Amino acid sequence: MLEKLKQDVTLKLSSAEYFKGSELPEVEFSAAPAHTGADLSMTWAMAAAKKLRKNPMEIAKEACKVLREMTVVSDAQATAPGFINLKLQDDFIITTAADRRLKDPNLEGAKHNILIEFVSANPTGPLHVASGRGASLGDSLVKIHRALGYSCDSEYYVNDAGNQAELLAVSVKARKEGKEPPENGYHGTYLIDLAKRIPADLPEDQYGRWAMEELIKTQQQDMKDFHVDFTRWFRESDLHKEDAPKKALAALTEQGYTYEKEDAVWFGSTKDAEAQDDKDRVLVRKDGRPTYFLADISYHKNKYDRGYTTLIDILGADHHGYVPRMKAAVHALGKEEKSFVPIIHQLVHLTEGGEQVKMSKRAGRFITLRELMEEVGTDVCRFFFASRTPNAHMIFDMDLAKKRTNENPVFYVQYVHARIHSIFKAAAEKGFTEYNVPPVTLTPHERALMLKLIWFKQVLRNCVADLSPHHLTTYLIELAGLFHAFYDNCRVLDEQNPAQTKARLFICQRVAERIKKGLEFIGVSAPEEM
């Protein structure tokens, strides 16, 4: 409904005599600041001032005259330096809040096959906390894209080729013999447990592969318990079976991006000035073995070959140098660089009692995701991770995460959902099983709550635009706060006033639906009892 209002406002302004025939900017809405008493705010006049070469306040005042003529607008005011603040009719707010549709009709038939790849941790150990942040980000983005109508899949790239299996074999064999793994091996004590489970009849040359498959199962279970479901777990070994690296190398050579030097084959990534890579990269080593980079190029080529038009890669904080070289590779494959969208999420620092949590004894240098889930719960992990933009470092407060009070934002939001269901239960006991759309005139607290409901779809669109679910967690916290104010000031169940009761139950129903759906998108449960 907000999209339709944008279209109506655009048409109204463009057809007004004052603006007719002029090149006008796009109309965008934001929530109006509380002190204005308005519902929507527009910076349209300030953007139009550059095109019209007129004072933005003059433009805003003229626009307000035009917009006051719209039936859904009860008032329009201009404020310095050129804001346009709109007050909406209550019936428009009610109708829009009642609309459950999320899919964007503009996406129908559009070419938007998106693949989001995330986590993709080496199958040589348990997943760590940073992997959890990447998993939370990727899974939420997939769910939100799909809710809006995008075709979007998720993928976990399993690096099960190369010398990792060999190093893992040496490390687990050392643990089986009661020794420390070699310096360049894997040192987490999780390998002690793994070594004890090696089948007695398993040949030593199979230790690495067996251990890797066991660790992959562990990672898959971690993801399942973290409420993350991938469309596909894609194995690097499958690329090699299909000679994909050789095919990718041939494609790059055909485009003139490879050359030989020092008995190796190189990729001329510095040839692509826009990618801004600092040096050329080896694709095939002197001994004829392909590098990890060539395998990654072949994997991305495989993604495009499968029909995906946008590749979103969610990468860890140590992958900044990876981005320019992969952008250059994408361009060399004949694809638009904008079709490759890297997201680098920053580190997670766990604190308890004001101090950083020490490393895991079992995993070695890091805290495992499993340990964090067992300590504070999956719901808390997912909500906390979703609450920060990926480009910001995150301080994960363990003390706050363990609280079961309104200080904990997860509890605060979930409690509203549970409270509403307790209201429904009490209402049913009093014979209220039908909920009615509220009357045209709303009380201030009803209106504030209903107004917040109409922003849900726009919040999801903001998450897609910024590739971050933090807008959604902020929205849910704000919606919960407005519900608490509504509940404290508006009696919901009143047997002496059944019409009002049914109307307020309708509002409660819509709030519960928004909260449940919003929590679902970030992988958090919506309990009906707490």
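Quick note: structure is the one above.
These numbers were taken from a predicted model, which means no experiment stands behind them. Counting restarts for each chain: residues are numbered from 1 in the order of the written sequence. Only residues with pLDDT of at least 70 are given local features in this predicted model, and only at 80 or more are side-chain atom pairs given and counted; all residues enter the totals for whole chains, interfaces and linings. Only hydrogens and water are set aside when side-chain values are computed; all heavy atoms of the structure are taken into account.

### Details of the layout of surface pockets
Using a 1 Å grid laid over the protein atoms alone, points where a 1.4 Å probe fits but cannot get out form a cavity; open sets with protein on both sides within 12 Å along at least 5 of 7 lines form a pocket; any residue with an atom within 4 Å of a point counts as lining. Grid points are joined across faces, edges and corners, and a volume is the space filled by probe spheres set on the points. Taken as a whole, the largest pocket encloses approximately 1200 Å³ of empty space. Lining the largest pocket are 40 residues, and of these S120, A121, N122, D318 and H319 lie nearest its centre. Of all the secondary-structure elements, those providing two or more residues to the lining of the largest pocket are α5 (129-148), α11 (292-305) and β11 (310-315). Under the DSSP-based scheme used, a helix requires at least four consecutive residues in state H or I and a strand at least two consecutive residues in state E, with every element numbered from the N terminus. Among the elements that make up the lining of the largest pocket, the one with the highest residue count is α11 (4 residues). Split by residue class, the lining of the largest pocket holds 17 nonpolar, 18 polar and 5 charged. Estimates place the volume of the second largest pocket at around 400 Å³. Around the second largest pocket sit 19 residues that line it, and A31, L451, K452, W455 and E478 are the ones nearest its centre. Those elements giving two or more residues to the lining of the second largest pocket turn out to be α17 (444-453), α18 (456-466) and α19 (470-489). Of the residues belonging to the lining of the second largest pocket, the class tally is 10 nonpolar, 4 polar and 5 charged. For this scheme, ten residues count as nonpolar: Ala, Val, Leu, Ile, Met, Phe, Trp, Tyr, Cys and Pro. Four count as charged, namely Asp, Glu, Lys and Arg, and the remainder, Gly too, count as polar.

### Regarding the pairing of strand β9 (residues 264-267)
Each residue is assigned to one of three classes by its accessible area relative to the maximum for its type, calculated with a 1.4 Å probe on protein chains only: buried under 20%, partly exposed between the two thresholds, exposed over 50%. Neither face of β9 is exposed, since A264 and W266 on one face and V265 and F267 on the opposite face are all buried. As paired strands, strand β8 (residues 258-261) and β9 are joined by 4 bridges and run antiparallel to one another. If you follow Y259 over to β9, its bridge partner there is W266. Between any two strands, pairing holds if DSSP finds at least two bridges. Hairpin connection between β8 and β9: a loop of 2 residues separates the two successive antiparallel strands, and E262 in this loop has a positive phi of roughly 55°. One ladder, built from 3 bridges, connects β9 with strand β10 (residues 281-284); its direction is antiparallel. Within β10, the residue paired with W266 across the bridge is V282.

### Focus: the nonpolar core
We define a nonpolar core as any set of buried Ala, Val, Leu, Ile, Met, Phe, Trp, Tyr and Cys residues linked to one another through side-chain atoms lying within 4.5 Å. In this structure, W44 and F396 are the most contacted members of the largest nonpolar core, which totals 135 residues. Contacts between residues were defined by any pair of non-hydrogen atoms, one from each residue, lying within 4.5 Å. If we skip the residues at most four places from it in the chain, F396 touches V348, H349, L350, T351, L372, V376, V380, C381, F384, F385 and A401. Ranked by size, the runner-up nonpolar core spans 27 residues in total, among them L252, I297, Y304 and V323.

### A closer look at the packing of helix α14 (residues 378-386) against helix α16 (residues 409-429)
What describes two packed helices is the angle between their axes and the distance between those same axes. Remark: α14 packs on α16, axes separated minimally by 9 Å, with the N-to-C direction vectors making an angle of 110°. The angle between the axes of α14 and α16 places the two elements in the roughly perpendicular class. Two secondary-structure elements touch here, α14 through D379, V380, F383 and F384 and α16 through P409, V410, V413 and Q414. When the residues that make up the contact of α14 with α16 are grouped by side-chain class, the tally is 6 nonpolar, 1 polar and 1 charged. Where helices are involved, their axes are fitted lines through C-alpha atoms of the stretch in contact, as for all axes, and angles between N-to-C directions lie from 0 to 180°. These descriptions rest on fixed angle ranges, namely under 35 degrees for roughly parallel, over 145 for roughly antiparallel, 65 to 115 for roughly perpendicular, and the rest for oblique.

### A word on the state of the cysteines
Working definition: the covalent bond between the sulfur atoms of two cysteines is a disulfide. By disulfide we mean two sulfur atoms from cysteines, separated by a distance within 2.5 Å. Following the criterion strictly, the structure yields 0 disulfides and no others. Not engaged in a disulfide, the cysteine C508 finds its nearest cysteine sulfur in C490; these two sulfurs lie 9.5 Å apart. Since its relative accessible area comes to 0%, C508 is described here as buried.

### Some points on empty space enclosed by the protein
On inspection of all chains with the given rule, the structure shows 1 cavity of 30 Å³ or more. Computed from the structure, the largest cavity encloses a volume of approximately 40 Å³. Residue lining of the largest cavity: R133, L137, H345, F385, R388, T389, P390 and P469, and that is the complete set. By residue class, the composition of the lining of the largest cavity is 4 nonpolar, 2 polar and 2 charged.

### Some remarks on the environment of Y18
Here Y18 is to be found in the loop between α1 (2-15) and β1 (30-31). For the pair Y18 and A63, spaced 45 residues apart in the sequence, the C-alpha separation amounts to 8.6 Å. In this view, Y18 contacts K54, E58, I59 and E62; residues no more than four positions away in its chain are not counted. Each polar contact in these results corresponds to two N or O atoms within 3.5 Å; when the atoms are within protein, one needs to be able to donate a hydrogen and the other to accept it, and residues that are neighboring in sequence are counted only if both atoms are side-chain atoms. Engagement of the side chain of Y18 in a polar contact is seen with the side chain of E58, the distance being 2.7 Å.

### With respect to the packing of aromatic side chains
To describe a pair of aromatic rings, you give the distance between the ring centres and the angle between the ring planes. Put simply, two rings from Phe, Tyr or Trp (the six-membered ring, in Trp's case) pair if the centres are within 6.5 Å, and we call them stacked under 30 degrees between planes, edge-to-face over 60, tilted for the rest. Evaluated as defined, the whole model comprises 21 aromatic pairs. One aromatic cluster is present, built from ring pairs that chain together F118, Y156, F230 and W233. Definition used: whenever NZ (Lys) or CZ (Arg) falls within 6 Å of the ring centre and also within 35 degrees of the ring normal, the charge is taken to sit over that ring. Positioned above the aromatic ring of Y18 is the side chain of K54, whose terminal nitrogen or guanidinium carbon lies 4.3 Å from the ring centre. Lying across the ring of W266, K261 places its NZ or CZ 4.2 Å from the centre.

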